[in-house]
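# Understanding the architecture of this molecule
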Amino acid sequence: MTSRRVAVIGTGSVPFGKHEDASLEDLGGSAARAALAEAGFEPGRIEAAFSSNVLGGGGAGQRILARAGVHGVPVVNAENACASGTTAVHLARLAVAAGVHDVVLVVGAEKMTGRFQGGITLDRTDRPTLLGLTMPAIYALNAQRYAYDHGADLDDLAEVSVKNRAAGAANPQAMFRKPVTRAEVLGSRPVADPLTLLQCCANADGAAALVLAAENAVSSRHDPVWLLGSGLASGSPIGPATEFGTSRPSRLAARRAYAAAGVTPDAIDLAEVHDAFTIGEIMSVEALGLAGPGKALHAVAGGELSLGGRVPVNAGGGLLSKGHPVGATGVGQVVELVAQLRGRAGERQVGGASLALAHTVGGGVATLDAIASGVVIAGV
Amino acid sequence: MSTPETASALPAARRCACCDAAFPLPEGPDRCPYCGDDRLGEVTLAETGEVVSSTVVRVAPPGADVPYTLAYADFAPGARLFARVRGGAAPIGTPVRLVAAPEPDHYIFEVEEHHP
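The rules we used
Residues numbered from 1 in each chain as written. Chains lettered and ligands numbered in written order. Predicted model: local features only at pLDDT ≥ 70, side-chain atom pairs only at ≥ 80, totals over all residues. Heavy atoms only, no water. Helix = DSSP H or I, 4+ residues; strand = E, 2+ residues; numbered from the N terminus. Rg over C-alpha atoms; globule rule 2.2 N^0.38 Å. Buried < 20%, exposed > 50% of the residue type's maximum accessible area, 1.4 Å probe, protein only. Contact = heavy atoms within 4.5 Å. Areas by Shrake-Rupley, 256 points an atom, 1.4 Å probe, with all protein chains shown as cover. Lys, Arg positive; Asp, Glu negative; His and termini not counted. Charge placed at Lys NZ, Arg CZ, Asp CG, Glu CD. UniProt positions renumbered as here; feature names shortened; annotations may be inferred. Pairing = 2+ DSSP bridges. Axes fitted to C-alpha atoms, helices over the stretch in contact; angles between N-to-C directions. Polar contact = N/O pair within 3.5 Å; in protein donor to acceptor, adjacent residues only side chain to side chain.

Looking now at the overall build of chain A. Counting secondary structure elements, chain A contains twelve helices and eleven strands. Against the globule reference of 21 Å for 380 residues, chain A gives a C-alpha radius of gyration of 19 Å, in line with a compact fold. In terms of overall dimensions, chain A has C-alpha extents of about 55 × 45 × 40 Å along its principal axes. Taking all 380 residues of chain A together, 62% fall into the buried category. A separation of at least 24 residues holds for 78% of the contacts in chain A among residues at least 6 apart in sequence. Total accessible area on chain A stands at roughly 13100 Å², and carbon and sulfur atoms take up 52% of it. Mean positive and mean negative side-chain charge positions of chain A (30 and 33 charges, respectively) differ by 3 Å.

Another aspect to go through is the UniProt feature "domain: ChsH2 C-terminal OB-fold" (unreviewed entry) in chain B. UniProt feature "domain: ChsH2 C-terminal OB-fold" (unreviewed entry): in the numbering of this structure it lies at residues 42-99 of chain B. Here residues 42-99 of chain B is 0% helix and 57% strand, with 19 Å between the C-alpha atoms at its ends.

This brings us to the sheet that holds strand 3 (residues 75-78) of chain A. Residues and elements named next belong to chain A. Across the sheet, which stays open at both edges, the nine strands sit in the order 3-2-4-7-1-8-11-10-9 with mixed pairing between neighbours. Looking at strand neighbours, the two that pair on one side only are strand 3 and strand 9 (270-272), the edges of this open sheet. Strand after strand, the sheet turns through a mean of 20° between neighbouring axes, direction not considered.

Residue A:D193 is joined to A:P194 through a cis peptide bond whose omega torsion reads 10°. Within the secondary structure, A:P194 sits in the loop between strand 5 (190-192) and strand 6 (195-196). That bond from B:E103 to B:P104 is cis: its omega, 0°, falls within 30 degrees of zero. Turning to its location among the elements, B:P104 is positioned in the loop between strand 7 (95-100) and strand 8 (107-111). One non-glycine residue, A:A81, lies in positive phi territory at about 50°. When you line up the elements, A:A81 lands in the loop between strand 3 and helix 3 (84-97).

Here the focus is the side chain of A:S247. All names here are of chain A. If you trace the backbone, S247 turns up in the loop between strand 8 (225-234) and helix 8 (248-261). Owing to a relative accessible area of 8%, S247 belongs among the buried residues under this scheme. There is a polar contact of 2.6 Å between the side chain of S247 and the side chain of S250.

Following this line, the structure appears as structure tokens:
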């Protein structure tokens, strides 16, 4: 299949955090208008839109886009749990690459404040959820198995929080901007052994948006960042073949994204990965091929994944610092990649970055090892 | 928490002729939950299985008493089951017995008292 080059030419976001007085439509509309303004395009230039949202009810995309003056065009509402945003980016990229549209908008938005006591539950009817298998517990089961299989020290997981919160301290958009120590992480409230509160990301409100364009619609003033490839995969029922402590859906999504982009993991300069929980970053980094099996925790502790290290992971602070407005997260990661690849990431800039990767993976129904995982690869 | 005295009998188990996975009803009454095949034969699961992974949950949704232990455990031939654990922590490798329990548990794991 012939395919056209696809660029990000506009980005916008509402910093993730508590926005008690803003509605879902307010949040998404603001991000969408900001992305249009950065691209220098009127709403009428948008030929189609891809919206990601999980909790806002039917037609969230249309309701949001009305606030940005985008009417009448095809709108696809994408819901793939925590991978929804990446799913919307993936679909938008394919639509432009295939020549169906020249200019499209992606908007991810979520309003979570006040909706939950504690963690999110996407399906209250499956047996594991009824028996109390919370999201942190799912990740905790993976952490226990990871440590058992690789002889890892579970306390070392705290180093993921230390790294990402230090990175978040340098990100003006982050929800949490105070670094934490290993002792503070390990001494915080136990949630599901071995995970403590400071190893779990926070629910948040927020939005992020992108304007994507085909090469023929891009001009030099756009400072384009090219979406070189993306991939999507889904989970499988947890069964006798499930390997806890690894993320098969992430591995599948990564394989597809690398193939589409024609690059290999060793070429990646930086990555934003799904650190909803500390062990999530470890499993993801290995699934993405950025560290070998059983090596990611050592890589974190050794500084390989810190700013200035071999391949900085979550130099923007990750979900652990930025919060996790589920439908917005994957789009927000691409906004961060664009800032890095344009060399505009300020204190958190990864020097000489030319190839970057974003990754999400969504769980929520405990009978599956995940709902979906998405990977996007961008470059300049 | 469930007690064996009030529990119904252990749910009958099935084994898939296509993928060899085994599972107790009601997890997949008509079709294999892993591959969707409907060629299911009756099978008897081993009374004792081995913990694949477990965690002690200390923060739970409103209404649930904490802490509680959750585990996945493997039972021959080819069943990986999820349940609450009675008897405290159950580290990976711990032998557990499958014990019937009322809904929504259907069954729980009981830590074997004398394990190596």
